[in-house]
Amino acid sequence: MRQREKPMTPPDASGALSFPHATPPAPGAVTSVAPGVKWLRMPLPFALDHINLWLLDEGDGWTIVDSGLNTETTKQLWGEIFLNALEGKPVKRLLVTHFHPDHMGLAGWLTETLGIPLWCTETEWLFARLLSLDESAAFMENAQEFYRRTGMDEAMRAAFAGRGTTYSKRVTQIPHRYTRIGDGAVVQVGRQEWRVVVARGHAPEHACLYSPGLDLFIAGDQVLPKISPNVSLWPQEPEGDPLALYLASLARLKREIPETAFVLPSHGLPFHGLHRRIDRLAAHHEERLKEVEAACETPRTTAEIVPVLFRRELDAHQLGFAVGETLAHIQYLLNLGRLSRETRPDGVYTYRRV
Ligand SMILES: [Zn+2]
């Protein structure tokens, strides 16, 4: 019998997006994406191999948006940027969208070496400080307990339960002080105003920035053109509902940021088509919720549901995100009463469709 042909990939809604820049800037170089706004890239040693950072012209200096991961390569590339891309003007401020190490990693190093302040939201600063400081046995035990309940075997758990300790290795000293930006705040950058729009679910108080004058939207990790941003349940808040927060934030962004905005995401290429992308991301999560429900016709553990959502092979770094993401979908369904949870005698949770 002839093997069935693989069905063609359905035309994804991302096909409806447009990407004016076909290629990213080379390492150490910048690309102008709007008047006074430059784009640069830093490498990441993960499957997701890069992060986009932005330089905003203040007239007499620059605001840097996000810092890159704490690696020697990133520091070296920053040196090249300082030499080649700043037109002889100083850096005046670092603004960080959220605490994740690819964004916050060099915040300490940049603020220290350049003598500039860090601007970020309160929760992101606190979370960065907390994760970089608490490497106690109790912190790790809480994470172990959280992952034991998923039903994963010990080897799998050991592969990524050290999240707290890996954080401190991927960041330089988180600055001891910061300037707070909150939802609705307006950051003046040269002649342009940038409005802070806080989005939740990917990170606790993630700052997105919208400039009405430039119709430009710095999306951070909240809206990405090709991949679905990670939305995970973490051991620090085991009964949280990050997916509900994420979907509510997406809906709000659609209401408040125009479809015409040119979107500057932290990963992938800048694009037009914000509302179409938001719709696609929301639909993607609804599909995944249905897959989880269908899998739970008979009681399942989290470990059994992970391969339903993630069919490809995962390395340890990806597995941590996959487990968290699976739990975020489970928790959302639990709160809606679409799943119920039971605790087995060994402490592992099982879930069943209601
Ligand atoms: Zn992130």
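Here, the structure is the one placed above.
Since we're looking at a predicted model, the values are computed, not measured.

Draft legend 1. Molecular detail of helix α4 (residues 122-133). Look at α4: 17 Å from first C-alpha to last across 12 residues, which is about the 16 Å you get at 1.5 Å a residue. Within the sequence span of α4, burial applies to Glu124, Trp125, Ala128, Arg129, Leu131 and Ser132.

Draft legend 2. Summary view of the pairing of strand β3 (residues 50-57). Along β3, 7 of the 8 residues are buried, which leaves the element largely enclosed by surrounding structure. In terms of strand pairing, strand β2 (residues 37-43) meets β3 through 7 bridges, oriented antiparallel. Counted as the bridge partner of Leu40 is Leu53 from β3. Two successive antiparallel strands, β2 and β3, enclose a turn made up of 6 residues. With 4 bridges joining them, β3 and strand β4 (residues 62-65) adopt antiparallel strand pairing. Directly across from Leu55, in β4, lies its bridge partner Ile64.

Draft legend 3. The arrangement of the sheet that holds strand β10 (residues 206-211) in detail. Taken in spatial order, the 6 strands of this open sheet run β8-β9-β10-β11-β12-β13, and their pairing is mixed. Edge strands, defined here as strands with exactly one partner in the open sheet, are β8 (186-189) and β13 (271-272). The strands touched by helix α8 (residues 242-256) are β9 (192-199) and β11 (216-220); relative to β9, the strand with the most contacts, the crossing angle is about 155 degrees.

Draft legend 4. Here's a closer look at unusual backbone geometry. Even without glycine at this site, Asp66 takes up a positive phi of about 70 degrees. By the secondary structure assignment, Asp66 is in the loop between β4 and α1 (72-84). Positive phi, normally seen in glycine, also occurs at Asp215, with a value near 50 degrees. As for its position among the elements, Asp215 is in the loop between β10 and β11.

About the criteria used
Residues numbered from 1 in each chain as written. Predicted model: local features only at pLDDT ≥ 70, side-chain atom pairs only at ≥ 80, totals over all residues. Heavy atoms only, no water. Helix = DSSP H or I, 4+ residues; strand = E, 2+ residues; numbered from the N terminus. Expected span 1.5 Å × (residues − 1). Buried < 20%, exposed > 50% of the residue type's maximum accessible area, 1.4 Å probe, protein only. Pairing = 2+ DSSP bridges. Contact = heavy atoms within 4.5 Å. Axes fitted to C-alpha atoms, helices over the stretch in contact; angles between N-to-C directions.

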